[in-house]
Amino acid sequence: MILYKYRANTEFTEKIFLDQKVWLSNASGLNDPFECSMQEISKEWTDKQVEEGMQAQIAGLVMGAMNHLANNQGFWGMKPYQVKAMLKTLGRKKSLEEKYKMCREFIKSKTGHYPSDLKATISEFDKQLNEVGIFSLSETCENQLMWSHYAEDAKGIAIGFSVEKNTKLTDANHCVKVNYSDILPEFTGDGFISELSIYIDEFGRPYSKNKISFSDPTFKLAVSTKPTCWSYENEWRYVEEKSGSYNLPAPIKEIVFGLRCPPENREKYRSLAEKYISNPINFYEIQKVPNTNSIVKKEIK
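Residues numbered from 1 in each chain as written. Predicted model: local features only at pLDDT ≥ 70, side-chain atom pairs only at ≥ 80, totals over all residues. Heavy atoms only, no water.

## Focus: the layout of surface pockets
- Approximately 700 Å³ is the volume attributed to the largest pocket.
- In terms of lining, the largest pocket is formed by 29 residues, of which the most central are Lys5, Arg7, Trp23, Phe135 and Ser136.
- Of all the secondary-structure elements, those providing two or more residues to the lining of the largest pocket are β1 (2-7), α1 (11-19), β2 (21-24), β3 (133-138), α7 (144-150) and β10 (235-240).
- Looking at which element gives the most residues to the lining of the largest pocket, the answer is β3, with five residues. (1 Å grid on protein atoms, 1.4 Å probe; cavity = no way out; pocket = protein on both sides within 12 Å on 5 of 7 lines; lining within 4 Å. Points joined across faces, edges and corners; volume = space filled by probe spheres on them. Helix = DSSP H or I, 4+ residues; strand = E, 2+ residues; numbered from the N terminus.)

Have a look at this one:
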């Protein structure tokens, strides 16, 4: 399978060959104003997720302390009798909010940082979505609208990336097929997959930060859903957690010259490919189908 990137004749297209890298734009840099959008998250759903997260953090602290006591060990520098006193105080707290506050303050006193706050994780979801880097590709190089919109009115080229094993284009976390729908994605009642990242502060102390996982199905759906009016693009997306410059997601195996691509540009990209791309490349051109308004890709022998 080949996925195509339509490109105008610019210095940035040349840099794909020169640097062996591609630029992944964030949502605000793309041409669809609905990119990376979600339905509004209801307060009831948020409250349920936060409550479950609070309970999990409290349970984690209690289980850790109990395991250390069972082995007659201290806990975070505390002697066993101090651990028992802490658990007793925690048990006296009546509400979940009080227990959670004590749990957070305890962890802050031992590590210098508060544990992850699930409310903040959910509230920053839109920000996390808008930081995702997206490199758009198409299943076809024979789409006249794509040539017009993205390849300088057919004067540019289409770069064909080969979908091969052990590349980003065969990694389900990094290559997603676009879902065309006029209904925005929403979180389901099952919640979301979160992941914990560990960081080190300026004093050498570890601390954690929770975020919604890049592999979460709803997160991926938000990154890959577009309105149905864009369905003609037959789009796939190479994605990373952050926008920026990345190595080629797969080998370049084809270069397709647009119907109006001038001879000097054809020669330029042929030379760039032969000089900087190590694997063999096939060259094609777009031709008119006689007696029709259609186009077709033909190999250049």
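## So, empty space enclosed by the protein
- Scanning the entire structure with this criterion turns up one cavity of 30 Å³ or more.
- When its volume is computed, the largest cavity comes out at roughly 40 Å³.
- Looking at the largest cavity, the residues that line it are Asn173, Val176, Phe214, Phe219, Lys220, Val223 and Val239.
- Looking at which element gives the most residues to the lining of the largest cavity, the answer is helix α8 (residues 217-224), with three residues.
- Among the residues making up the lining of the largest cavity, the classes are represented as five nonpolar, one polar and one charged. (Nonpolar A, V, L, I, M, F, W, Y, C, P; charged D, E, K, R; others polar.)

## A look at the packing of aromatic side chains
- One pass over the full model with this rule turns up seven aromatic pairs.
- With centroids separated by 6.1 Å and ring planes inclined at 45°, the aromatic side chains of phenylalanine 17 and tyrosine 269 adopt a geometry described as tilted. You can see phenylalanine 17 sitting in helix α1 and its partner tyrosine 269 sitting in helix α9 (residues 263-276), a full 252 residues away along the chain. Each member of the pair, phenylalanine 17 together with tyrosine 269, is buried.
- Taken together, a centroid distance of 6.0 Å and an interplanar angle of 90° make the contact between phenylalanine 135 and phenylalanine 161 edge-to-face. Pair noted here: phenylalanine 135 is in strand β3 and phenylalanine 161 is in strand β4 (residues 157-162), with a separation of 26 residues, a long-range link. Like phenylalanine 135, the residue phenylalanine 161 is buried in the burial classification.
- Connected via pairs of aromatic rings, a cluster forms that spans Phe75, Trp76 and Phe106.
- Directly above the aromatic system of tyrosine 284 lies the positively charged group of lysine 297, at a separation of 4.2 Å from the ring centroid. (Phe/Tyr/Trp six-rings, centres within 6.5 Å; stacked < 30°, edge-to-face > 60°. Buried < 20%, exposed > 50% of the residue type's maximum accessible area, 1.4 Å probe, protein only. Lys NZ or Arg CZ within 6 Å of the ring centre and 35° of its normal.)

## Some details on the packing of α1 against α9
- Close contact between α1 and α9 brings their axes to 9 Å; oriented N to C, the two are set at 20°. Relative to α9, α1 is oriented roughly parallel. Of α9, the residues touching α1 (which contributes Thr13, Glu14, Phe17 and Leu18) are Lys268, Tyr269, Leu272, Ala273 and Tyr276.
- Taken together, the residues of the contact of α1 with α9 break down into six nonpolar, one polar and two charged. (Axes fitted to C-alpha atoms, helices over the stretch in contact; angles between N-to-C directions. Parallel < 35°, antiparallel > 145°, perpendicular 65-115°, else oblique. Contact = heavy atoms within 4.5 Å.)

## Focus on the pairing of β2
- Alternating residues of β2 divide into Val22 and Leu24, all buried, and Lys21 and Trp23, none buried.
- Inspection of the sheet shows β2 paired to strand β11 (residues 244-247) by four bridges, in the antiparallel sense. Pairing of lysine 21 across the sheet is with asparagine 247, part of β11. (Pairing = 2+ DSSP bridges.)

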